Amino acid sequence: MMLDIEALPWKQAAASLQEANISYTIEMTRPTRNFFPVDENRLYVVRQRVAADGKLMLTLAAKQVPMEEV
């Protein structure tokens, strides 16, 4: 059974994957421009897919810093 963890904060998603004993690999994506600042400590899952070998592949991105924190 595969979990739907897309759009979840990374810490929550990682805990769910560990609890379900699902192996995965992660890759990071970054904005092409730095117009909006991002917080590298606030990661979330933006994509999940299953590779040909059955392993879950996740793409993580950093959340945009809220305006009141800029």
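Everything in this summary refers to the structure shown in the same document. (Residues numbered from 1 in each chain as written. Predicted model: local features only at pLDDT ≥ 70, side-chain atom pairs only at ≥ 80, totals over all residues. Heavy atoms only, no water.)

Observations regarding the packing of aromatic side chains
So, step 1. Counted according to the given criterion, the structure contains two aromatic pairs.
So, step 2. An angle of 80° between the planes, with centres 5.6 Å apart, marks the rings of Trp10 and Tyr24 as edge-to-face. Of the two residues, Trp10 is situated in helix 1 (residues 10-19) and Tyr24 in strand 1 (residues 24-28); the sequence distance between them amounts to 14 residues.
So, step 3. Note on Trp10: relative accessible area 16%, which makes it buried.
So, step 4. Consider the rings of Phe35 and Phe36, whose centres lie 4.7 Å apart with planes at 90°: the pair is edge-to-face.
So, step 5. Classification of Phe35 by relative accessible area gives exposed; the value is 58%.
So, step 6. Directly above the ring of Tyr44 sits Lys63, whose terminal nitrogen or CZ lies 5.6 Å from the centroid. (Phe/Tyr/Trp six-rings, centres within 6.5 Å; stacked < 30°, edge-to-face > 60°. Helix = DSSP H or I, 4+ residues; strand = E, 2+ residues; numbered from the N terminus. Buried < 20%, exposed > 50% of the residue type's maximum accessible area, 1.4 Å probe, protein only. Lys NZ or Arg CZ within 6 Å of the ring centre and 35° of its normal.)

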